[in-house]
Structures are given as structure tokens and as C-alpha cells.
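# Observations on the three-dimensional arrangement
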Amino acid sequence: MRDTKGRPERVEFAGAVYGSLLAASVVAGSAVDGTPLSAGDLVVVLICTGVVFWLTHVYALVVSHGTYALTWRRLRVVARQDWPVAQASFPPAIGAAFASALGLSDRGATWVALVVAVASQVAWAVASAATARFSARAMVLSGAANLVLGLAIIALKTLVGAH
């Protein structure tokens, strides 16, 4: 596939990292009062939030680059490139659905979704660093930095949920 300037399209790793952190935040915020959503509701909230943020992000990217005409073709190209923002909500949603299917409680499914979201975020960050041909040390640092961000979300969930 090629973009509107004839260049090959590339995977938008930043969108995937961002989308994974967004998914972790959605999961963490879904049980603020200590009562988790049902696994089914969590799946719907994750996917809907991911898609809405993706659509918003696509629009913002196209409009913020005022040098491009606002055309359906340009929107489609940017939407394809930025799809990882929405796509990042799928692994935690699938994790929650499988956890529920395996008989875990809604609380258990919530934790599975949160762990999957953070693990995905770390994986996307490392994949991004590898694609950019960073050194092994830089790839580890990238993964570690994203793990810290994900753990911060988990810590906030735990602290808020405890009160």
C-alpha cells in the first residue's frame, strides 16, 4: 500500500503504544468504585473506546496537517496507517472475554485485560525500537519505560480501588 505521496505505508507504532496505554487506562477506570464491569461490558467499552479514539485521532491528524486537502482518500490513507490506535484495544478485550469464558470472575477478567494491555504496550514499544534499528540496550530501555508507564496505571487502579 502507498500513501498519497507514493511512499510505502508503515505501521504506526506510536499509535499502537498509545492505544495500549489507552486500553489500560480504560480498564483501570472501569472499576474505580471497586465494582468491576462485567467481562462482556468491558469488552464493549474497550473496543468502542479504541474505535472512537482512532476516529478522533485520524480526523485530528488530517486536519492538523493543513497542507493536505480534506478528502475521503486522504482520510482512508490516514485511517489505515493509524489503525493500531483502535487495534490495540483488541488484545485486552480478547483477554477479558477468554478469562470470562474460562470461568474467571469479572474482577479476574479485568485484571487479565489490564495485564494484556500493559504487555501489549511493552511489546509495541520494543517492536517500534527494533524497527527503528535501535540498539539492544535502547530496545530494553524502551520496553522498560513503557512497563513503568503501564505499572503506573496499575498502581493508580490499585490505590483508587482501595479507597
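Residues numbered from 1 in each chain as written. Predicted model: local features only at pLDDT ≥ 70, side-chain atom pairs only at ≥ 80, totals over all residues. Heavy atoms only, no water.

### Some points on the overall build of the chain
Short version of the rule: Think of it this way: any DSSP run of H or I at least four residues long counts as a helix, any run of E at least two long counts as a strand, and we number them from the N terminus. For each residue, the accessible area found with a 1.4 Å probe, counting protein chains only, is set against the maximum for its type, and the residue is called buried under 20%, exposed over 50%, and partly exposed in between. Each accessible area value is a Shrake-Rupley result obtained with a 1.4 Å probe; residue values ignore everything except the protein chains displayed when judging cover.
For the chain, the count of helices and strands is seven helices and zero strands. Listing the helices and strands of the chain from first to last along the sequence gives α-α-α-α-α-α-α. Burial status across the chain gives 37% buried among its 163 residues. About 9,000 Å² of surface is accessible on the chain, with carbon and sulfur atoms providing 70% of the total.

### Let's talk about helix H6 (residues 106–131)
A turn of α-helix holds 3.6 residues, and therefore any two residues three or four places apart point the same way. Just so we agree on the cut-off: What a helix is expected to span follows from its residue count: subtract one and scale by 1.5 Å.
The end-to-end C-alpha separation of H6 is 37 Å, in line with the 38 Å expected for 26 residues at 1.5 Å each. Those residues of H6 lying buried are Gly 108, Ala 109, Thr 110, Ala 113, Leu 114, Ala 117, Val 118, Ser 120, Gln 121, Val 122, Ala 125 and Ala 129. One or two steps after H6, the chain reaches Arg 133, where phi turns positive at roughly 65°.

### Details of the packing of helix H2 (residues 39–64) against helix H3 (residues 72–81)
Inclusion rule: Fitted lines through C-alpha atoms give the axes, limited to the stretch in contact for helices. The angle between two N-to-C directions lies from 0 to 180 degrees. Angular relationships are summarised with four words: roughly parallel below 35 degrees, roughly antiparallel beyond 145, roughly perpendicular across 65 to 115, and oblique for the angles in between. The sense of a crossing depends on the near helix, which, turned anticlockwise from the far helix by less than a right angle, makes the crossing left-handed and, turned clockwise, makes it right-handed. The contact rule is simple, with two residues in contact once any of their heavy atoms fall within 4.5 Å. Side-chain classes follow a simple rule in which Ala, Val, Leu, Ile, Met, Phe, Trp, Tyr, Cys and Pro form the nonpolar group, Asp, Glu, Lys and Arg form the charged group, and the remainder, Gly included, forms the polar group.
Here H2 crosses H3 at 125°, and the two axes come no closer than 9 Å. For the element pair H2 / H3, the angle class is oblique. Here H2 and H3 pass one another in a crossing that is right-handed. When H2 is examined against H3, the residues Trp 54, Val 58, Leu 61 and Val 62 are found in contact with a partner set consisting of Arg 74, Leu 75, Val 78 and Ala 79. Residue classes in the contact of H2 with H3 are distributed as seven nonpolar, no polar and one charged.

### Topic: the nonpolar core
Operational definition: As used in this record, nonpolar core signifies buried Ala, Val, Leu, Ile, Met, Phe, Trp, Tyr and Cys residues forming a set joined through side-chain atoms within 4.5 Å.
In terms of nonpolar packing, the biggest core is built from 20 residues, with Ala 24, Val 27, Leu 42, Leu 46, Ala 96, Ala 113 and Leu 114 touching the most fellow members. Of all the secondary-structure elements, those providing two or more residues to this core are helix H1 (13–29), H2, helix H5 (90–101), H6 and helix H7 (136–161). Here this core takes six residues from H1, the largest share from any one element. Val 62, Val 78, Val 85 and Ala 86 belong to the second-largest nonpolar core, a separate cluster that totals seven residues.

### A short note on the side chain of Thr 110
Relative to the helices and strands, Thr 110 is located in helix H6. If we skip the residues at most four places from it in the chain, Thr 110 touches Val 27, Ser 30, Pro 36, Leu 37, Leu 42 and Lys 157.

### Structural notes on the environment of Trp 83
Here Trp 83 shows up in the loop between H3 and helix H4 (84–87). In sequence terms Trp 83 and Trp 54 are 29 residues apart; their C-alpha atoms lie 6.8 Å from each other. In this structure, Trp 83 is in contact with Trp 54 and Phe 90, ignoring residues within four places of it in sequence.

### Section: a nonpolar patch on the surface
Heads up, the rule is: Without a salt bridge and with relative accessible area above 30%, a residue can belong to a patch; like charges are then joined within 9 Å and nonpolar side chains (Val, Leu, Ile, Met, Phe, Trp, Tyr) within 5 Å. The salt bridge definition used is simple: a Lys or Arg side-chain nitrogen within 4 Å of an Asp or Glu carboxyl oxygen.
Side chains of Tyr 18, Val 52 and Phe 53 sit close together on the surface and give an oily, nonpolar patch of about 270 Å² of accessible area. Along the chain, Tyr 18 turns up in helix H1. Relative accessible area serves as the criterion here: at 38%, Tyr 18 is assigned to the partly exposed category.

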